[in-house]
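# Observations on the model geometry
Residues per chain are reported as follows:
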2 protein chains.
Amino acid sequence: MSVYRPRLLTPGPVELHPKAVEALARPQLHHRTDEARRLFKAAREGLKQAWNTQGEVLVLTGSGTAAMEALVLNLFAPGERVWVPVHGKFSERWAEIAEALGLEVLRSGLEYGKSVPPELVEGLQGPFHGALLTHSESSTGALNDVKALAQAFKARFPDALVVADMVTSLLVSPVALEPWGIDAAASGSQKGTMCPPGLGYAALSPRALGRLKPRGYYLDLAKELKVQGEGESAWTPAINLVAAVAGVLGAVLPELEDHLCLKAKQNALLYEAGEGAGFKPVPEVKSPATTAFYLPEGVKYAQVKEAFALRGATIIGGQGVLKGKIFRVSLMGYSDLYDAYAVAELIREVAASL
Amino acid sequence: MSVYRPRLLTPGPVELHPKAVEALARPQLHHRTDEARRLFKAAREGLKQAWNTQGEVLVLTGSGTAAMEALVLNLFAPGERVWVPVHGKFSERWAEIAEALGLEVLRSGLEYGKSVPPELVEGLQGPFHGALLTHSESSTGALNDVKALAQAFKARFPDALVVADMVTSLLVSPVALEPWGIDAAASGSQKGTMCPPGLGYAALSPRALGRLKPRGYYLDLAKELKVQGEGESAWTPAINLVAAVAGVLGAVLPELEDHLCLKAKQNALLYEAGEGAGFKPVPEVKSPATTAFYLPEGVKYAQVKEAFALRGATIIGGQGVLKGKIFRVSLMGYSDLYDAYAVAELIREVAASL
C-alpha cells in the first residue's frame with residue numbers, strides 16, 4: 001500500500017475542480033435543450049468575465065491548439081505578415097500554425113526560458129498585420145508581459161492585431177483583452193478552468209470581431225458567432241465539458257482575486273522549495289502556471305519522474321529542445337495552500353533522494 | 001413526482017454505456033502516461049475492428065464534423081472535383097465542407113427521405129476525384145447502400161476516392177471500409193459508441209493512407225498518423241473520452257453481431273409502433289440509427305415534443321427543410337429490448353394523446 005494517493009502535478013491536464021466532477025457525473029445532456037443552452041451561456045458569460053472583455057468568447061470542441069488555429073484562420077488572410085517571438089514550444093506552435101495557414105512569419109528567436117523584452121519591438125521592420133504572443137510559455141515556465149508587448153507593438157504598427165496564447169494564464173495569472181491592448185486570445189478547458197481536456201476557448205475583443213475573415217469549416221468563427229449568443233454551437237459540442245466549465249466558473253469567479261493570489265503563492269512556495277534544495281529554475285520571469293527546473297548535472301529525467309511517482313505524483317519533463325533537460329511541477333489544478341506545502345515537501349524529498 | 005425517469009431518445013447524444021460512465025468517473029488521466037497510451041491504443045484498435053479495416057482510425061478531439069472536414073482536407077486538393085448526392089442535412093454538410101475547402105462540387109439533389117439509387121451514378125459526367133456519401137442520413141432516418149454506390153462509382157471512376165459519413169452507422173448498422181470499396185469514413189463518440197460528444201473518428205483504408213495530401217494544422221492527419229501508433233496524439237486529446245470509448249468497445253465488440261441485431265430489432269419495433277399508431281415514416285429505406293415520422297396533419301412539433309417530455313423522454317425534431325415537419329426517436333444509445341418495448345408504448349401513448 002502506498003501512503004500517497006495519486007496526484008496530477010502537471011501543467012494540464014490537472015486535478016479536476018469538484019464542481020467539474022459534479023457536473024460530469026450528471027446524466028447525458030442533449031445540447032439542443034433549454035438546460036444545455038443555459039449552461040452554454042453561463043460558461044461563455046463566465047469566460048468573458050474571466051477575460052475582462054466586452055467582446056465574445058467562443059467555446060470550441062477541440063484542444064487549445066484548435067482555438068489558436070481558429071484565431072489565426074479567422075483573423076489573417078494567406079500572405080499577411082505576422083511577428084512571432086519564439087522562446088519555447090508553444091510560441092513555436094504559433095509560428096507553425098501561421099506558416100501552415102499561408103501567412104508570412106517573422107520569428108524573433110530567443111533562448112528557451114527567456115521572456116520577450118518589449119524593446120525587441122523597436123528593431124522590427126514592418127509592415128505587420130499582427131503579432132502572435134505567448135502569455136505563459138508553459139514549456140519553460142516563463143511569463144511574458146503581453147500588455148507591454150502589445151502596447152509597444154501597436155505604437156509602431158497601429159493597424160495590427162495582437163493575439164495572445166493565454167492557455168495557461170486564464171484563471172491562473174491576471175489576464176485582460178481590451179484593457180491590455182490584446183485583440184484575441186486562446187485557452188483550453190484542462191488548464192486554469194480545472195476541467196478535463198476537450199474544449200478550446202477563442203476570445204475576441206470588439207476590435208477583433210470587426211476584423212473577422214472567416215475561412216475553413218469546422219473552425220469558422222463567424223458560424224459560431226451567429227449561434228453561440230443563443231447558447232447553441234455550430235457543431236455538436238462537448239456539452240458535458242461545457243457544463244463542467246460553467247460549474248467551475250460559478251465557483252471561482254466570485255473569488256477570482258483570492259484564487260489568483262493562491263496560484264501565485266503556491267508557485268512561489270514550490271520554487272522556494274526547489275531552489276532551496278538546489279534545483280535551478282528555467283524561467284527568467286516565472287509564470288504561476290508551472291515551475292520548471294533544470295535537471296541537476298548527471299541526473300536523468302527518468303530518475304526525477306520516478307522519485308515523484310514513488311510519492312504518488314505525476315510530473316512532466318521538457319518539450320522540444322528542453323526534452324531531457326528539465327522537469328516541471330504544477331499546482332494549476334484544484335489545490336489549496338496545504339497542497340502547496342505538501343508538494344514543496346515532496347520536492348525537497350525528491351531532491352534529497354537523487 | 002414523475003413516474004418516468006429522464007431518458008434521451010435522440011440520435012446523438014445518447015444514453016451513455018455503463019462502461020463509459022465507469023471510465024468517466026475515474027480521476028483525471030494525463031495523456032502522456034503509459035496508462036493513457038494503453039487506452040488510446042485500445043480505442044484505436046477497437047475502432048479499426050469495428051470498421052473492418054486494415055488501415056488506420058485516427059481519433060480526433062472535435063465533433064464528427066471535424067472528422068468529416070479532416071477527411072476532405074487531407075484527401076483532396078482545392079480545385080478537385082467531387083460528387084455529393086444530397087438528400088438530407090448531413091449529405092448537405094459534405095457539400096458545404098467540400099465547397100468551403102475549395103473543391104468543385106457536383107450535387108445530385110434528391111428529395112429528403114430518399115436513399116440514393118446506385119443507377120444515379122450512370123448519368124454522371126466525370127472527371128471526379130471522389131465521392132462523398134452518407135451511410136445513415138440521420139436527419140431523415142434514411143440508410144444508403146454505400147457499398148453498391150461505391151462499387152458503381154468506382155466502376156466508372158476507378159481512381160476516385162469514396163468517402164462515407166458513417167457517423168450514425170458505426171456500431172449501429174454493419175459497416176466496412178475495404179470490403180465495401182469505401183476509402184475513408186467518419187464518425188463521432190456520441191453516437192453508436194455511446195459516449196459523450198467530443199471525439200471524431202477518421203477511418204482511412206490503406207488506399208486512402210497512400211493518398212494523403214495534408215493541409216491545415218489542427219486537422220492535419222499526417223501529424224496524427226505519425227504519433228497515434230504509439231498511443232499519442234498531436235494535440236492534447238479528450239483523454240477521458242478516449243478511455244470511455246475504449247471501455248465501451250471492449251464490452252460491445254465481442255458481441256457485435258448481437259448488438260447490431262438488437263439495434264435493428266429496436267428500430268423495427270419503434271417503426272411498427274409508430275406506423276400502427278398512424279404516423280407516416282420519413283425514410284424510404286430505414287436506418288437503424290433513428291426513426292423519423294412526419295407530424296400528423298395539423299399537429300405541431302412542440303405538441304409531440306411536450307407529449308414525450310411529459311413521459312420523461314427527450315426527442316428531437318427535423319433539421320433544415322424538415323424543421324417543423326417531422327419528429328425523430330432513437331434508441332442508438334445504451335438500451336435493450338425492454339427499452340424498445342417501453343418506447344414503443346410511449347409512441348402509442350403519444351399518438352393517442354394528440
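Residues numbered from 1 in each chain as written. Chains lettered and ligands numbered in written order. Predicted model: local features only at pLDDT ≥ 70, side-chain atom pairs only at ≥ 80, totals over all residues. Heavy atoms only, no water.

### Points about helix α7 (residues 221-228) of chain B
Residue and element names in this part refer to chain B. Within the sequence span of α7, burial applies to Leu221, Glu224 and Gln228. Burial along α7 is one-sided: seen end-on, the buried residues are contained in an arc of 55°. Where α7 is buried, its residues touch α2 (34-51), β2 (56-61), α3 (64-75) and β10 (199-204). Sitting at the head of α7, Asp220 places a side-chain oxygen 2.9 Å from the backbone nitrogen of Ala222. (Buried < 20%, exposed > 50% of the residue type's maximum accessible area, 1.4 Å probe, protein only. Helix = DSSP H or I, 4+ residues; strand = E, 2+ residues; numbered from the N terminus. Arc of directions from axis to C-beta. Contact = heavy atoms within 4.5 Å. Polar contact = N/O pair within 3.5 Å; in protein donor to acceptor, adjacent residues only side chain to side chain.)

### Things to note about the packing of aromatic side chains
Residue and element names in this part refer to chain B. Within this structure, the stated rule accounts for 22 aromatic pairs over all chains. Here the aromatic rings of Phe128 and Phe153 are separated by 5.7 Å at their centres, their planes lie at 50°, and the arrangement is tilted. Separated by 25 residues along the polypeptide, Phe128 in the loop between β4 (104-109) and β5 (130-134) and Phe153 in helix α5 (residues 146-156) bring together distant segments of the chain. Overall, the relative accessible area of 7% leaves Phe128 in the buried class. (Phe/Tyr/Trp six-rings, centres within 6.5 Å; stacked < 30°, edge-to-face > 60°.)

### So, the UniProt feature "binding site: substrate" (unreviewed entry) in chain A
All names here are of chain A. Per the UniProt entry, the sites bearing "binding site: substrate" (unreviewed entry) are Arg328 in this numbering. With respect to the element layout, Arg328 can be found in strand β14 (residues 326-329). One polar contact links the side chain of Arg328 to the main-chain carbonyl oxygen of Ser138, over a distance of 2.6 Å. (UniProt positions renumbered as here; feature names shortened; annotations may be inferred.)

### Examining the sheet that holds strand β13 (residues 316-317) of chain A
Residue and element names in this part refer to chain A. Reading across from one edge, β11-β14-β13 is the order of the three strands in this open sheet, with antiparallel pairing throughout. Strands with a single pairing partner mark the edges of an open sheet, and in this sheet they are β11 (291-294) and β13. In this structure, β13 lies alongside β14, joined through two bridges in antiparallel fashion. Across the sheet, the residue bridging to Ile316 is Arg328, located in β14. Relative to the sheet, helix α9 (residues 256-276) contacts β11 and β14, its axis offset from that of β11 by approximately 15°. Against the sheet, helix α10 (residues 301-309) makes contact with β13 and β14, and its axis sits at roughly 25° relative to β14, the strand it touches most. (Pairing = 2+ DSSP bridges. Axes fitted to C-alpha atoms, helices over the stretch in contact; angles between N-to-C directions.)

### A short note on the relation of the copies chain A and chain B
With an RMSD of 0.0 Å, the fit of chain A onto chain B corresponds to turning through 180° and sliding 0.0 Å along the axis. Taken together, these values place the two copies in the relation of a two-fold axis. Identified as the residue of chain A closest to the rotation axis by C-alpha distance is Gly62(A), at 2.4 Å. A shared binding surface is used by both copies, with 98% of the interface residues of chain A retained as interface residues in chain B. (Least-squares fit on C-alpha atoms with pLDDT ≥ 70 in both.)

### Brief notes about the sheet that holds strand β11 (residues 291-294) of chain B
Residues and elements named next belong to chain B. Reading across from one edge, β11-β14-β13 is the order of the three strands in this open sheet, with antiparallel pairing throughout. A strand with exactly one partner marks an edge of an open sheet, and here the two such strands are β11 and β13 (316-317). Those strands touched by helix α9 (residues 256-276) are β11 and β14 (326-329), and its axis lies near 15° from that of β11. Docked against the sheet, helix α10 (residues 301-309) engages β13 and β14, running at close to 25° with respect to β14.

### Some thoughts on the interface of chain A and chain B
In this assembly, 40 residues from chain A lie in contact with 39 residues from chain B. Across the chain A/chain B interface, buried area totals approximately 3,000 Å², and carbon plus sulfur atoms make up 68% of it. Here chain A and chain B share zero salt bridges between them. Our enumeration of links across chain A and chain B arrives at eight residue pairs in polar contact (both at pLDDT 80 or more). Within the residue set of the side of chain A that touches chain B, elements represented by two or more residues are α3 (64-75), α4 (89-100) and α8 (239-252) of chain A. (Buried area = accessible area lost by both parts, 1.4 Å probe. Salt bridge = Lys/Arg side-chain N within 4 Å of Asp/Glu carboxyl O.)

### Section: the nonpolar core
Formed by 72 residues in total, the largest nonpolar core has its most connected members in Leu75(A) and Leu75(B). If near-sequence neighbours (up to four positions away) are discounted, Leu75(B) is found in contact with Glu80(B), Leu161(B), Val163(B), Ala184(B), Leu204(B), Ala208(B), Arg211(B), Leu212(B) and Lys213(B). Counting 59 residues, the second-largest nonpolar core is a separate cluster that includes Leu29(B), Val172(B), Ala243(B) and Ala289(B). (Core = buried A, V, L, I, M, F, W, Y, C linked by side-chain atoms within 4.5 Å.)

### Section: unusual backbone geometry
In this structure, Pro127(A) follows Gly126(A) across a cis peptide bond, with omega equal to -5°. Its location among the elements puts Pro127(A) in the loop between β4 (104-109) and β5 (130-134). Cis geometry is found at the peptide bond from Gly12(B) to Pro13(B), where omega equals -10°. Examined against the element boundaries, Pro13(B) turns out to sit in the loop between β1 (7-8) and α1 (18-24). At Leu171(B), a residue that is not glycine, the phi angle is positive and equals roughly 65°. Mapping Leu171(B) onto the fold places it in the loop between β8 (161-165) and β9 (184-188).

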